[in-house]
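The primary structure of each chain is shown beneath.
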Amino acid sequence: MSQARLLRESTDPPRPRIATPPSKTASPQSDDQADCNWMALHLPALPLQVFERGLQTSLPLAVSERERILACNDAAQRLGVRPGLRDGAARALTETLRIVRRCRQAERSALERLAAYALNFSNLVSLDQGDEQAAALVLEVGRSLRLFGGAHALQHQVLDAAEGLGWQVCCVLAPTPAAALLLARAGMGGLVGTHAAVRQALDGLSPALLVSDPQALDDLTSMGVRTLGALLRLPRAGLAERFGLSLVQRIQRLLGERADPQRPFVPPTRFRAELELPAEVQSTDGLVFACRRLLDELGGFLTARQSAVQRIEWCLSHADSDATRFHLGTARLETDPERWLELLRARLERLSLPRPVRAIALRSDELSPLPLGNAELFEDIAPDPALPAALLDRLRARLGDRAVRGLALAMDHRPERAWCWRSSIVEAAPSNAGSRYIGPDKNGPLTHAERPIWLLPEPLLLEQRDRRPWLDGPLSLGSRCERIETGWWDGFEIARDYYIATAHSGERLWIYREMRGSRRWFLHGFMGLPES
Amino acid sequence: MPAIGSNPQTPRLEQLLAERADLWRGRSSAAGVGEGVGTGFPELDQLLPWHGWPVSGLTELLTDQPAIGLTLLLPALRCLCPGVEDGDNDHCDQPAQSDGQDLSIICSDGWLLLVNPPYIPYAPALAAKGLDLGRVLVVDAPGQGAWVLEQALRSGGCTAVVGWSTADEPDKQERGWATAILRRLQLVASERSTPAFLLRPMAAAFQSSPAPLRLDVEAAPNGLDVVLRKLRGGRVGLRLRLSGSVGPSPIVSKPKAKRAVDPNAFRRAEVGLR
């Protein structure tokens, strides 16, 4: 794998280099894509893009390994940085260059997340275990072609998805996994529909793509074999004798003469993703851009697993202070990354970050199977049941969970305890099936005496004049008195005589008098209109 | 000269009035108004061209007694957000006399949003009045009330939105929503069919407001006094005494051209004028 190939511009999406001739027949099942059963995705710029894709703005960036530049982006190239330079030399060239050390672990986990995403396109995805330097995935797509509308359409969708995630990929469809992989690694793209076309495409390529042993390569060169085409034309028996059976087997797999089972990738049961930021980010826009990459991965992961989540956890790491952690929750099961992004944006607006962010991690543990429902035949009959939940989420994301609450009844005679807030996310979702929560007893409220529509958070002590309660004038008490005396067992004992009083203005008030002690009067609430 | 109407080609006046909703009809102003939801007070319904609270657009209730506003709104809210189990409010499930098909839109599921209420909305009383508590959502967002209202109206996830603004609140941001904010809210509200009520102090009465309906509300012995401060295309300055609610009016109607406002309603209302 030459390093030069790592340098492809990230903005330049890989274009199919093997020009598939505009099919001779109009049918999408024409010969040139008849046998495209395997797709290989090669990520030539993985070491660089692991870092670069989280950045909104392009800054000179290079990845180094063993003190040498391994790959660098366009901005760095314009400053004269080239792969193979020593780190020191590159730093001497320019001060603005950021050099990060290659992180194989990040590459590995990024590739696994991409594999999980690729399960959207095929149920058999395998990570290429072979060459350490070449990050690639192989997908069995023969059974997906029809669903996605043919090989061309599938390829476009895969390329779009990869671009959306910030990856530059070479995508090849071929009759055998080995051929697809080899052509993708050669930096090609497109469809190679038949075995004959595979031979033709392999013809001019370097044998180094197939033979990794340098000694064997030298031998081949000295034999005059300079292209793969020449290698394939050699008699197999002689090749086996000279270079071992494994090379012949590789050739046979390449040409589809030998079975080539792929080990399926099994996606994890939980979602974990990290994104390193080579340059620290403070702005909300920059953070949203980076978080979007992770949310898109989450969206693909969930779609592939047919799952949804209600809660995601973010961890923003800083250089030298504790990480900022927060979570987002929704009232409904959610898969759509756009919805999460909207909530995240609202949350970031009211979040004050102590320092710029160096790395972002996203995790979600509790996956629930996606509920399947029937769509309405006519759109306008019923309002979208998702709308109330969406509003709740948006309000909570900005105002916090405690600011947005529902109400419920409680089984208690004390006015302060006859009701409670409902704040749990799931509980607060409205439902169609009569969600009036009346405690354990469904028979209704405990009392049928009239209750105020407003309750004061704390009873208000009333002035007394002529031994009568006074609020901007004397209060005239109604004839009926309701005695509430209970709660001696739990420390909140009350003993009160409640009256409905009418104020000077005509307003109806709910007041009470203590039955013991100083027998003071308190205002406790405001009544509605009297029942007629 | 042939009499008008003898020629079948010449439309009669009644026919025109019945067919053309855009004809100007003087005081009745029933033309071109949207749907309404019954206020629960027949006297008030008769005065309003919507035959109730307007479903689209803001309604401003001005009062210095913050507890009063909800009292006036409760019958309508009960109809918009009915409890399921209670037998006495099943009127919402029955089609109204005139345009029953509108009920499906108006009595749909969604939040009854109370934004910055002055005190605690007391759940036992609301349940006893027939509201579905599971759909009541209380938002405490001092200083962000306008934002919440706008989101709620935009989202389409509410059956009704009630917002309080308090003038004496120390938070200057909240002090009387600026006219620009009200205009914005009115624009959003006029495009949706979510009734939106703003409860504001009397001090806001002299601020210009884009709301098509503004009422002064104050407590009165055994009832409420309501003054029509602003009614787009209608008569203002009338004072109404609303005594205890006579049960919610289930009528949710699109006013028909022929159902002009009863002229006697004004006379009756003027009797109550003090």
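Residues numbered from 1 in each chain as written. Chains lettered and ligands numbered in written order. Predicted model: local features only at pLDDT ≥ 70, side-chain atom pairs only at ≥ 80, totals over all residues.

Per an unreviewed UniProt entry, chain B carries the name Translesion DNA synthesis-associated protein ImuA and comes from Halochromatium glycolicum.

As recorded in an unreviewed UniProt entry, chain A goes by UmuC domain-containing protein and comes from Halochromatium glycolicum.

Peer 1: Before we go on, may I ask you to explain the overall build of chain B in this structure?
Peer 2: Within chain B one finds 8 helices and 11 strands. Every one of the 274 residues in chain B was classed for burial, and the buried ones make up 45%. By sequence separation, contacts in chain B at least 24 residues apart represent 73% of the contacts at least 6 residues apart. (Helix = DSSP H or I, 4+ residues; strand = E, 2+ residues; numbered from the N terminus. Buried ≥ 20, exposed ≤ 12 C-beta atoms within 10 Å, placed from the backbone. Contact = placed C-beta atoms within 7 Å.)

Peer 1: What is the right way to look at the overall build of chain A in this model?
Peer 2: When its secondary structure is counted, chain A shows 15 helices and 22 strands. The buried share of chain A, reckoned over its 532 residues, is 36%. Partitioning the contacts of chain A with sequence separation of at least 6, the portion at a separation of at least 24 is 61%.

Peer 1: Honestly, unusual backbone geometry in this entry has me stumped. Any pointers?
Peer 2: A negative phi angle characterises most non-glycine residues, just as the trans form characterises most peptide bonds. One non-glycine residue, A:D466, lies in positive phi territory at about 55 degrees. Even without glycine at this site, B:N116 takes up a positive phi of about 50 degrees. On the secondary structure map, B:N116 appears in the loop between β4 (111-115) and β5 (120-121).

Peer 1: Is there a simple way to explain the sheet that holds strand β2 (residues 61-65) of chain A in this structure?
Peer 2: Either a parallel or an antiparallel arrangement is found when strands of a sheet pair, and the pairing is made through backbone hydrogen bonds. All names here are of chain A. The strand order across the open sheet formed by 3 strands is β3-β2-β4, and the pairing between neighbours is mixed. Here the strands that pair on one side only, and so sit at the sheet edges, are β3 (68-72) and β4 (98-101). Recorded for the sheet is a direction-independent mean angle of 40 degrees between the axes of neighbouring strands. Note that β2 and β3 share 4 bridges and pair antiparallel. Its bridge partner lying in β3, A62 is registered against C72. (Pairing = 2+ DSSP bridges. Axes fitted to C-alpha atoms, helices over the stretch in contact; angles between N-to-C directions.)

Peer 1: Where do I start with the packing of helix α13 (residues 284-305) of chain A against helix α14 (residues 337-349) of chain A in this structure?
Peer 2: Each pair of packed helices can be described by the angle between their axes along with the distance between the axes. Residues and elements named next belong to chain A. Contact geometry of α13 with α14 gives a least axis separation of 10 Å together with a crossing angle of 150 degrees. Regarding the angle of α13 to α14, the classification is roughly antiparallel. Between α13 and α14 lies a crossing whose hand is right-handed. Along the contact surface, α13 presents T284, L287, V288, C291, R292, L295, D296, L298 and G299, while α14 presents P337, W340, L341, L344, R345, L348 and E349. Tallied by class, the residues present in the contact of α13 with α14 amount to 10 nonpolar, 2 polar and 4 charged. (Parallel < 35°, antiparallel > 145°, perpendicular 65-115°, else oblique. Left-handed = near helix turned anticlockwise from the far one by under 90°. Nonpolar A, V, L, I, M, F, W, Y, C, P; charged D, E, K, R; others polar.)

Peer 1: Please explain the nonpolar core as it appears in this structure.
Peer 2: In a soluble, globular protein the nonpolar side chains are often hidden away together inside. One finds A:V172, A:L173, A:A180, A:L183 and A:A184 to be the most contacted residues of the largest nonpolar core, which totals 100 residues. The residues touching A:A180, leaving out its near neighbours within four places in the chain, are A:W38, A:M39, A:A40, A:V138, A:V172, A:L173 and A:A174. By size, the runner-up hydrophobic cluster in this structure holds 97 residues, among which are B:L133, B:V139, B:A160 and B:L213. (Core = buried A, V, L, I, M, F, W, Y, C linked by C-beta atoms within 7 Å.)

Peer 1: Mind showing me how you'd approach the packing of helix α4 (residues 104-118) of chain A against α13(A) here?
Peer 2: All names here are of chain A. As a packed pair, α4 and α13 sit with axes 7 Å apart at the nearest point and diverge in direction by 45 degrees. In terms of their interaxial angle, α4 and α13 are classed as oblique. Remark: the crossing between α4 and α13 carries left-handed chirality. Two secondary-structure elements touch here, α4 through R113, A116 and Y117 and α13 through E297, G300, F301 and A304.

Peer 1: Would you mind showing me how to read the pairing of strand β3 (residues 58-62) of chain B here?
Peer 2: All names here are of chain B. Taken across its 5 residues, β3 has 5 buried, putting it largely inside the fold. The side-chain alternation of β3 yields two buried faces, one formed by L58, E60 and L62 and the other by T59 and L61. With 4 bridges connecting them, β3 and strand β9 (residues 213-220) associate as parallel partners. The partner of L61 across the bridge, within β9, is L215.

Peer 1: What is the right way to look at the pairing of strand β12 (residues 357-364) of chain A in this model?
Peer 2: Remember that side chains alternate between the two faces of the sheet whenever the strand is regular. All names here are of chain A. Looking at chain direction, strand β9 (residues 271-281) and β12 are connected through 7 bridges and run antiparallel. If you follow L275 over to β12, its bridge partner there is I360. Relative to β12, strand β10 (residues 307-318) is paired through 6 bridges, and the arrangement is antiparallel. Following the sheet pairing, E313 is matched in β12 by R363.

Peer 1: What should I look at first to understand the sheet that holds strand β7 (residues 158-164) of chain B in this one?
Peer 2: The 10 strands lie next to each other as β15(A)-β14(A)-β6(B)-β4(B)-β7(B)-β8(B)-β3(B)-β9(B)-β10(B)-β11(B), forming an open sheet whose pairing is mixed. The sheet is open, and its two edges are formed by β15 (419-422) of chain A together with β11 (239-243) of chain B, each paired on a single side. Looking at each pair of strands side by side, their axes are set apart by 25 degrees on average, direction ignored. The strands touched by helix α15 (residues 386-399) of chain A are β14 (404-409) of chain A together with β4, β6 (136-139) and β7 of chain B; relative to β14(A), the strand with the most contacts, the crossing angle is about 120 degrees.

Peer 1: Looking at this model, I keep getting lost on the confidence of the model for chain A. Mind explaining?
Peer 2: If pLDDT is low for a region, its predicted coordinates should not be looked at in detail. Residue and element names in this part refer to chain A. Overall, the prediction assigns chain A a mean pLDDT of 80, with 85% of residues at 70 or greater. Per-element mean pLDDT across chain A ranges from 80 in strand β11 (residues 324-334) up to 92 in strand β22 (residues 521-526). Note on residues 1-31: pLDDT is under 50 here. Beyond four places in sequence and across chains, it has 57 contacts. (pLDDT = per-residue confidence, 0-100.)

Peer 1: Is there a simple way to think about helix α3 (residues 68-80) of chain B in this case?
Peer 2: Because an α-helix completes one turn every 3.6 residues, residues spaced three or four positions apart along the sequence face the same direction. Between its first and last C-alpha, α3(B) extends 19 Å over 13 residues, near the 18 Å set by a 1.5 Å rise per residue. B:L74 marks the point of greatest bend in α3(B), at about 50 degrees, and the proline B:P75 comes within the next four residues. (Expected span 1.5 Å × (residues − 1). Bend = angle between axes of the 7 residues up to and from the residue.)

Peer 1: Would you explain the confidence of the model for chain B in this entry?
Peer 2: Residues and elements named next belong to chain B. Within chain B, residue pLDDT values average 72, and 67% of them lie at 70 or more. Model confidence for chain B, summarised as mean pLDDT per element, is weakest for helix α4 (residues 103-106) at 28 and strongest for β5 at 92. The model gives residues 1-5 a pLDDT under 50, and that stretch makes 4 contacts with residues more than four places away or in other chains. Scored below 50 in pLDDT, residues 168-174 shows 10 contacts in the model against residues more than four places distant or in partner chains. Among the prediction metrics, the complex's ipTM stands at 0.72, with pTM recorded as 0.61.

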